[in-house]
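Commentary on secondary and tertiary structure
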Amino acid sequence: MIKSFKKEAMKDLRDLRTLQIAVDEAERFYDVGKINEAFEGYKGIAEKRFFYKITDPNFKYVAADVIIQERLADLSILVGNILYARNTLTSVRTLYLQNTNLFGADFTTIRIIHLALEAYCISDAKEELKKFSNAKLSNAIDRSISNLESMNFSKQDLISLEKNVRWSGIDNESRSAFLVRLYLVMGEFRAARGQFNSAIHCFERGEFLASTNQLPSIAQVCAPLQISMAEANLALGNFAICENWLSKVQKSQISLNFASQVRLHELSGKLYLMKGQYGEAVKAYSDAYKQCKELKLARAIAIASLNNAHLLILLNQIVEALEYLTDISFDFIDDKSLQIQCNVLKSLAHLRRQSTAEEIAFAPSVFQMRSISNTNQQTLEKKINIEEITDPSDILN
């Protein structure tokens, strides 16, 4: 437990008043941007409550434990502990099922799928989505729309899906909160497989539901949906549409969380790169890196460093690219995919530094990028595949 935590806050967390004090302490760290301290605070609370659960036969989990576990999962993602986040969400789902809360269990399953997509584990996301669609986890999903993977994702298909998703005792606002996140996950899954048109259909429907609802737990998903829509359109070469969505996010009255702010910077940088505005692209990626560095988030810093290095390699700034790559520390990151990306980029940087421009076939030179016409921008997009930070799962307030 972190030293800055008040001793009285961790005395006996079986008492709900003492539990509230401990949670308030952790939230204060979160409010001032001390994410690592907030994570350690919530981790200590959750572990102590779990100790009571296995040692005290009279102890029972309450609704507050679900909220604590959900917050802990969100913080785990931010600090880069993906495995801990997955285990925490799995525990949350178990708690919901033990209390026969099928809606909560299904909602948490959607978050587990989203987490797998954030960690670039597409096969894991596919498996979880398959279980969610076909297994007997919940009676909420009508079997007529169970095969989410093979849907056509037309507007009519999605409206039909919405009509068939029901849980006993769940109001329309809660259903909407579930649906907007379901659309975000389904869209991200389709985009990860290169099916951008289907992804856009999901994002558009989710954004429509989110933008027409004032409930905070629904409205807060609007920005991630809009950013994802911009990204999918960029992948299709629709630069103007991408720019419009990014502008809409920037003008929104809804405050962006940390992940959305970073993702906005990086997607703007990618758009600048595709348009040949290289100075603006470097600045946007640099701003994203600085923001991650300020909050001292290991995984976010690693991803921002990889993105900056990739961009600088494409611009033949090899020394600067290698500086980003050598500064990455994987001591507190359990995401193997990031280490693989780092090694690949290091090899790419060394090869490019040693090769002549004419011999390089794996990436275009600055001159080549400048000479590519607008009609070939989609081809360039396929060559430049800079990874993005995805938005951490939002908790249901």
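Our subject in this report is the structure included herewith.

So, how was this worked out
Residues numbered from 1 in each chain as written. Predicted model: local features only at pLDDT ≥ 70, side-chain atom pairs only at ≥ 80, totals over all residues. Heavy atoms only, no water. Helix = DSSP H or I, 4+ residues; strand = E, 2+ residues; numbered from the N terminus. Expected span 1.5 Å × (residues − 1). Buried < 20%, exposed > 50% of the residue type's maximum accessible area, 1.4 Å probe, protein only. Arc of directions from axis to C-beta. Contact = heavy atoms within 4.5 Å. Axes fitted to C-alpha atoms, helices over the stretch in contact; angles between N-to-C directions. Parallel < 35°, antiparallel > 145°, perpendicular 65-115°, else oblique. Left-handed = near helix turned anticlockwise from the far one by under 90°. Phe/Tyr/Trp six-rings, centres within 6.5 Å; stacked < 30°, edge-to-face > 60°. Lys NZ or Arg CZ within 6 Å of the ring centre and 35° of its normal. Polar contact = N/O pair within 3.5 Å; in protein donor to acceptor, adjacent residues only side chain to side chain. Core = buried A, V, L, I, M, F, W, Y, C linked by side-chain atoms within 4.5 Å. Salt bridge = Lys/Arg side-chain N within 4 Å of Asp/Glu carboxyl O.

An α-helix turns once per 3.6 residues; consequently, residues spaced three or four apart project the same way. Under the 1.5 Å per step criterion, the end-to-end length of helix H17 (residues 336-354) is 28 Å for 19 residues, consistent within 8% with the ideal 27 Å. Listing the buried residues of H17 in full gives Leu338, Cys342, Leu345, Leu348, Ala349 and Arg352. Down the axis of H17, the buried side of the element spans an arc of 130°, and every buried residue falls inside it. Exposed residues on H17 whose side chains face more than 90 degrees from its buried face are Lys336, Ile340 and Gln354. The inward-facing, buried residues of H17 abut helix H15 (298-314) and helix H16 (318-326).

For the pair helix H14 (residues 278-295) and H15, the least separation of the axes is 8 Å and the interaxial angle reads 160°. The angle between H14 and H15 places the two elements in the roughly antiparallel class. Regarding H14 and H15, the two cross each other, and that crossing is left-handed. Residues Ala281, Val282, Tyr285, Ser286, Ala288, Tyr289, Cys292 and Lys293 of H14 touch H15, and the partners they reach there are Ala300, Ile301, Ala304, Ser305, Asn307, Asn308 and Leu311.

Scanning the model with the defined rule gives 6 aromatic pairs in all. On the numbers, 5.0 Å between centres and 90° between planes, the contact of Tyr289 with Tyr324 is edge-to-face. In this pair, Tyr289 is assigned in helix H14 and Tyr324 in helix H16, connecting sequence segments 35 residues apart. Judged on exposure class, the residue Tyr289 and its partner Tyr324 are both buried. Members of the aromatic cluster, connected to one another through ring pairs, are Phe51, Tyr52 and Phe59. Seen from the ring of Tyr52, Arg14 lies directly overhead, with NZ or CZ sitting 4.4 Å from the centre. The ring of Tyr30 carries Arg71 above its face, with NZ or CZ at 4.2 Å from the centroid.

Relative to the assigned elements, Asn308 resides in helix H15. Residue class for Asn308 comes out buried when judged on its relative accessible area of 4%. Along the primary structure Asn308 and Ser286 are separated by 22 residues, whereas in three dimensions their C-alpha atoms are 6.9 Å apart. Each residue touching Asn308, except ones within four places of it in the same chain, is listed here: Val282, Tyr285, Ser286, Tyr289 and Tyr324. There is a polar contact of 3.1 Å between the side chain of Asn308 and the backbone oxygen of Tyr285.

Judged by nonpolar contacts, the single largest core of 55 residues is most densely connected at Phe178, Leu179, Tyr183 and Met186. Apart from the residues within four sequence positions on either side, Tyr183 is in contact with Leu158, Leu161, Glu162, Cys202, Phe203, Arg205, Gly206 and Leu209. Counting 46 residues, the second largest nonpolar core, distinct from the first, contains Ile45, Tyr52, Leu297 and Leu306.

Moving on, we get to the environment of Ile67. You can see Ile67 is positioned in helix H3 (residues 63-79). Judged by its relative accessible area of 43%, Ile67 falls in the partly exposed class. Separated by 25 residues in sequence, Ile67 and Val92 have C-alpha atoms that sit 8.9 Å apart.

Another aspect to go through is unusual backbone geometry. Although it is not a glycine, Asn316 adopts a positive phi angle of roughly 65°. Looking at the element boundaries, Asn316 is found in the loop between H15 and H16.

Here helix H2 (residues 35-55) crosses H3 at 140°, and the two axes come no closer than 9 Å. With respect to each other, H2 and H3 are oriented oblique. H2 and H3 meet at a crossing whose hand is left-handed. Contacts between H2 and H3 involve Ile35, Asn36, Ala38, Phe39, Tyr42, Lys43, Ile45, Ala46 and Arg49 from the first element and Asp65, Ile68, Gln69, Arg71, Leu72, Leu75, Ser76, Leu78 and Val79 from the second.

We now examine helix H9 (residues 196-211). With 16 residues, H9 should reach 22 Å at 1.5 Å per residue; the first-to-last C-alpha distance of 21 Å fits that figure. Residues of H9 that are buried: Ser198, Ala199, Ile200, Cys202, Phe203, Arg205, Gly206, Glu207, Leu209 and Ala210.

With that settled, the discussion passes to the pattern of salt bridges. According to the stated counting rule, one finds 12 salt bridges in the structure shown. Between Arg28 and Glu25 there is a salt bridge, with the nearest N and O atoms lying 2.5 Å from each other. With Arg28 and Glu25 both in helix H1 (residues 16-31), this residue pair falls 3 residues apart, about one helical turn. For Arg28, a relative accessible area of 46% corresponds to the partly exposed category. With a shortest N-O distance of 3.6 Å, Glu207 and Lys248 are connected by a salt bridge. With Glu207 in helix H9 and Lys248 in helix H12 (residues 239-251), the pair connects residues that are 41 residues apart, well separated along the chain. Taking relative accessible area as the criterion, Glu207 reaches 6% and is therefore assigned buried. Of the residues examined, Lys248 reaches a relative accessible area of 41% and is grouped as partly exposed.

In short, the description is geometric, and any link to function would need to be established separately.
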